[in-house]
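# Observations on chain architecture
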Amino acid sequence: MGTVSALAACGGGGSSGSSDNGSGGGTPSVPPEGVGLVLDPGPFSERRATVETQADFEAVQGVFSDADQTYLAIDEIRQEIRGWNDVVSQDGNTVTLSCDNAGTLALTLNQEAPTDVTWQFRNCQLEVPSLNTIVLDGTYTYVNIESESDGTERVDGFQEIDLTGTIVGSGESIAMQGADFWEIVVPPEGPRTETYTTEALEFLRGTDYQAIETAETALSTVGGITSVTLNARLIGSAIDGFVDITTEETIQRVSGGGCPSVGIVRVVGAPENSGVEIRYGDSMVAPLDQATVATTTVIGTTDTVEYDETECSELIY
């Protein structure tokens, strides 16, 4: 899937789940600072992954896809608890609900608007499609503040994740940690802009580890065309290290989906400055098959793979 989906999955005006419980009126949440990697078992963040062949790149693509797991799990958790209403207690702006076992989930509204909520999981069992039955401990904070001034609409928000738990069926341990931030600006005229940043976001399942670090995705949409730039570090146990993803030429695509019509992205690993270059649409080098909409080429070689429209969604954009 595209990186925009990965980095924006929980941002930009989405519901904060069951945050309509409680009366609000607490202390507004403060965006975290200095978020770093804490779960890395390698440490994989200290060495570059080898990216010298198309097979190496396919492994990177697998980690890139798996890095969605934190976003997916959080979204599934939010969907699952949205209908919960078995209240154990209420104390001011905090409502405590019972989970599927003897555990609890405490929801605290940190301010009057239902867009600033902290969840406290205490041995809380629940069902999510991607992980099945899990038991969680830890906290999750979601803030999404909408405002308007002189006709310009804004959304500013962040999420902070610090969760550990167990998959009941397999007994595997899981952990999710990190934070990311978003800013959306919609002026009365001119482009809609979106910026998503991630200092660190990690997912650990048993010994399988993926993380996104120092990432920024910027989008600008006008006239039905979205321009995208992406810069990030992707870390994974499956590639035994990290790669750097950079945008060499701004990506452009029709708003709402489809393969980009132009753009160049580089995935760089070890040895340094080696890796794969992804070219889209008019940025590709001819001659190519008529159905080709994107290519990947091992840097410094002629080793190129062509992608058609149905295959393009596998790539990074």
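None of the values given here were measured: they were computed from a predicted structure.

### Some points on the pattern of salt bridges
Applying the stated rule across the entire model yields nine salt bridges. In this structure, D244 and R233 form a salt bridge, with 2.7 Å as the shortest nitrogen-oxygen distance. Here the residue D244 occupies a position in strand β11 (residues 241–254), and R233 occupies one in strand β10 (residues 225–236), the gap between them amounting to 11 residues. The exposure class of D244 is buried, given its relative accessible area of 15%. Residue classification places R233 among the partly exposed residues on the basis of a relative accessible area of 22%. Each of R48, R233 and D244 takes part in one network of salt bridges that share partners.

### Overview of helix α2 (residues 54–66)
Along its 13 residues, α2 runs 18 Å from first to last C-alpha, staying within 8% of the 18 Å computed at 1.5 Å per residue. Of the residues making up α2, those classed as buried are Q54, F57, V60, Q61, V63 and F64. The buried residues of α2 occupy one face: seen down the axis, they fall within an arc of 165 degrees. Turned more than 90 degrees away from the buried face of α2, the exposed residues are A55 and E58.

### As for the environment of T214
Structurally, T214 can be placed in strand β9 (residues 208–222). Here the alpha-carbon distance between T214 and L163, two residues 51 residues apart in the chain, equals 21 Å. With residues up to four places along the chain from it excluded, the contact list for T214 reads T198, E199, N231, A232 and R233.

### Re the packing of aromatic side chains
To describe a pair of aromatic rings, one takes the distance between the centres and the angle between the planes. Under the defined criterion, the tally for this structure stands at five aromatic pairs. Judged by centre distance (6.2 Å) and plane angle (40 degrees), the rings of F158 and F181 are tilted. Of this pair, F158 sits in strand β6 (residues 152–167) while F181 sits in strand β7 (residues 173–186), placing them 23 residues apart in sequence. Of the two residues examined, F158 and F181, each falls in the buried class. By way of ring pairs, the aromatic residues W119, F121 and Y140 are connected into one cluster. Directly above the ring of Y142 sits R78, whose terminal nitrogen or CZ lies 4.5 Å from the centroid. Between the NZ or CZ atom of R233 and the centre of the ring of F242, over which it lies, the distance is 3.8 Å.

### Notes on the state of the cysteines
Here the structure, examined in full by the defined rule, presents two disulfides. Put simply, C99 and C124 are joined by a disulfide, and their sulfur atoms are 2.0 Å apart. Between C99 and C124, the disulfide has an S-S torsion of -105 degrees and is therefore left-handed. With a gap of 25 residues between them, C99 in the loop between β2 (94–98) and β3 (104–109) and C124 in strand β4 (residues 116–128) connect regions that are remote in the sequence. Residue C99 is classed as buried on the basis of its relative accessible area, which comes to 9%. Take C124: its relative accessible area is 0%, and that puts it in the buried class.

### Re the confidence of the model for the protein chain
Mean pLDDT over the protein chain works out to 89, with 91% of the residues at or above the 70 mark. Confidence drops under a pLDDT of 50 for residues 1–24, and excluding neighbours within four residues, the segment shows 80 contacts in the predicted structure.

### Section: the nonpolar core
L105, W119, L126, L234, V243, I245 and Y280 are the most contacted members of the largest nonpolar core, which has 66 residues in total. Here this core gets six residues from one element, more than from any other, and that element is β4. Apart from residues lying up to four places away in sequence, L126 is in contact with I77, E80, I81, W84, D100, N132, T133, I134 and L136. L39, A175, A211 and I235 belong to the second largest nonpolar core, which has eight residues in total.

### Points about unusual backbone geometry
Of note, the bond from G42 into P43 is cis; its omega dihedral lies within 30 degrees of zero at 0 degrees. Within the secondary structure layout, P43 lies in the loop between α1 (3–8) and α2. Each neighbour pair has its own omega, and for A270 with P271 the value is -10 degrees, a cis peptide bond. Structurally, the position occupied by P271 is in the loop between β12 (262–268) and β13 (275–281). One non-glycine residue, N132, lies in positive phi territory at about 65 degrees. Mapping N132 onto the fold places it in strand β5 (residues 132–149).

Cut-off values and rules
Residues numbered from 1 in each chain as written. Predicted model: local features only at pLDDT ≥ 70, side-chain atom pairs only at ≥ 80, totals over all residues. Heavy atoms only, no water. Salt bridge = Lys/Arg side-chain N within 4 Å of Asp/Glu carboxyl O. Helix = DSSP H or I, 4+ residues; strand = E, 2+ residues; numbered from the N terminus. Buried < 20%, exposed > 50% of the residue type's maximum accessible area, 1.4 Å probe, protein only. Expected span 1.5 Å × (residues − 1). Arc of directions from axis to C-beta. Contact = heavy atoms within 4.5 Å. Phe/Tyr/Trp six-rings, centres within 6.5 Å; stacked < 30°, edge-to-face > 60°. Lys NZ or Arg CZ within 6 Å of the ring centre and 35° of its normal. Disulfide = S-S within 2.5 Å. pLDDT = per-residue confidence, 0-100. Core = buried A, V, L, I, M, F, W, Y, C linked by side-chain atoms within 4.5 Å.

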